Amino acid sequence: MVETSISITGYEMGGPVEGEMCESVLLHTTQGDISGLLHRAPQSEAAVLWAGSWRGEEQAQRSSPIARAVAQDLVGDGIGSLLLRYRQNAQLGACIRDTQAGVSFLEELGYKRIALVGHSFSGAVVISVAPLSQAVVAVVALASQTFGANSVGHIHPRPILLVHGTQDQRLNCYCSEQIYSWAKKPKKLVILEGASHGLWERKDDLLPLLRRWLTD
């Protein structure tokens with residue numbers, strides 16, 4: 001069953017996480033607990049929510065290398081980050097609710113300008129969530145799927161950045177081209193030659209691109 005609403009009932013901050021330059025957080029919600037990693041930016045009103053970028057079970061949990069690298073750099077720019085772990089992977093409705101809870105949590109911490117970033121399946125998640133909160137000011141969809149992304153026109157007037165690799169064997173770069181055609185301005189599409197679905201082959205171009213765009 002897809003939840004129709006979700007609310008935060010409380011949260012717990014944990015300690016530092018091995019291999020991560022941040023602290024763990026556990027959100028208590030009306031639909032269950034959601035875990036994540038928080039990169040704090042003191043006295044800042046800007047933050048990025050990286051949907052579905054904290055994955056795994058127990059000791060095998062790890063963050064997306066893209067999210068980890070850019071989040072650490074953004075702290076130096078005065079921008080916080082929340083790397084969110086879904087309760088139910090690949091369940092679009094549930095993941096949308098989790099991301100909504102993440103946005104609410106960041107708002108509780110005092111962040112008033114929030115950008116959403118999603119990779120692959122999560123691209124559709126952040127596209128779906130963006131119109132639901134006035135606090136969301138920008139969206140990034142990396143190698144996104146089209147299923148669940150047809151509401152992209154409702155993101156306007158927020159800007160959206162779409163990035164895809166030409167060697168993506170999971171989701172052809174046509175997916176981002178299709179989403180771009182549905183989106184309204186302001187919008188930007190970047191096709192990375194030679195990049196696979198993970199985009200990491202072009203990290204030297206991708207990471208600075210994300211940092212600049214999110215900071216702007």
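Student: How should I be thinking about the packing of helix α2 (residues 92–108) against helix α3 (residues 121–129) in this particular structure?
Tutor: Helix packing for two helices is described by the angle between their axes and how far apart those axes are. With their axes 9 Å apart at the nearest point, α2 and α3 run at an angle of 60 degrees to one another. Comparing the axis directions of α2 and α3 gives the class oblique. The way α2 lies across α3 gives a crossing that is right-handed. In this structure, α2 contributes L92, C95, I96, T99, Q100 and V103 to the contact, and α3 contributes F121, A124, V125, S128 and V129. Class assignment of the residues belonging to the contact of α2 with α3 gives a composition of eight nonpolar, three polar and no charged.

Student: Sorry if this is basic, but what is going on with the sheet that holds strand β4 (residues 46–51) here?
Tutor: Each strand in a sheet pairs with its neighbour through backbone hydrogen bonds, running either in the same direction (parallel) or in the opposite one (antiparallel). The nine strands lie next to each other as β1-β2-β3-β7-β4-β8-β9-β10-β11, forming an open sheet whose pairing is mixed. Each of the sheet's edge strands pairs with one partner strand only, and the pair in question is β1 (8–16) and β11 (187–192). Taken over all neighbouring pairs, the strand axes of this sheet differ in orientation by 20 degrees on average, direction set aside. As defined by bridge partners, strand β8 (residues 113–119) adjoins strand β9 (residues 136–142) across six bridges and the pair is classed as parallel. Directly across from A115, in β9, lies its bridge partner A138. Against the sheet, α3 engages β4, β8, β9 and β10 (160–165), with an angle of about 150 degrees to β8. Across the sheet, helix α4 (residues 174–182) touches β10 and β11, and the angle it forms with β11 is around 170 degrees.

Student: Could you clarify how one ought to interpret the environment of L83 in this entry?
Tutor: Looking at where L83 falls in the secondary structure, it is placed in strand β7 (residues 80–84). Judged by relative accessible area, L83 falls into the buried class, the value being 0%. When the C-alpha atoms of L83 and R40 are compared, they prove to be 11 Å apart, with 43 residues separating the residues in sequence. If we ignore the near neighbours within four places in the chain, the residues touching L83 are S35, G36, L37, H39, W50, S53, W54, S63, A67, R68 and A71.

Student: How should the environment of I127 be read in this particular structure?
Tutor: For I127, the location among the structural elements is in helix α3. For I127, a relative accessible area of 0% corresponds to the buried category. Beyond its immediate stretch of four places on either side in the chain, I127 contacts V139, A141, A149, S151, V152, I155, I160 and I179.

Student: I keep staring at unusual backbone geometry and nothing clicks. Help me out?
Tutor: For residues that are not glycine, phi is negative in most cases, and the peptide bond is trans in most cases. Cis geometry marks the peptide bond from H156 to P157, where omega comes out at 15 degrees. Cis geometry is adopted by the peptide bond preceding P186, which originates at K185 and carries an omega value of 0 degrees. Turning to its location among the elements, P186 is positioned in the loop between α4 and β11. Residues other than glycine seldom take positive phi values, yet A90 does so here, at roughly 70 degrees. Position of A90 relative to the elements: it lies in the loop between β7 and α2.

Student: Any chance you could explain the packing of helix α1 (residues 65–76) against helix α5 (residues 203–215) here in plain terms?
Tutor: Between α1 and α5, the shortest axis-to-axis distance is 10 Å and the interhelical angle comes to 50 degrees. In terms of orientation, α1 and α5 fall into the oblique class. Considering only the axes of α1 and α5, their crossing is right-handed. Only L206, L207, L210, R211, L214 and T215 of α5 make contact with α1, whose side of the interface consists of I66, A69, V70, D73 and L74. In terms of residue class, the contact of α1 with α5 is built from eight nonpolar, one polar and two charged.

Rules and cut-offs
Residues numbered from 1 in each chain as written. Predicted model: local features only at pLDDT ≥ 70, side-chain atom pairs only at ≥ 80, totals over all residues. Heavy atoms only, no water. Axes fitted to C-alpha atoms, helices over the stretch in contact; angles between N-to-C directions. Helix = DSSP H or I, 4+ residues; strand = E, 2+ residues; numbered from the N terminus. Parallel < 35°, antiparallel > 145°, perpendicular 65-115°, else oblique. Left-handed = near helix turned anticlockwise from the far one by under 90°. Contact = heavy atoms within 4.5 Å. Nonpolar A, V, L, I, M, F, W, Y, C, P; charged D, E, K, R; others polar. Pairing = 2+ DSSP bridges. Buried < 20%, exposed > 50% of the residue type's maximum accessible area, 1.4 Å probe, protein only.

Remember that the coordinates give geometry; whether it matters functionally is a separate question.
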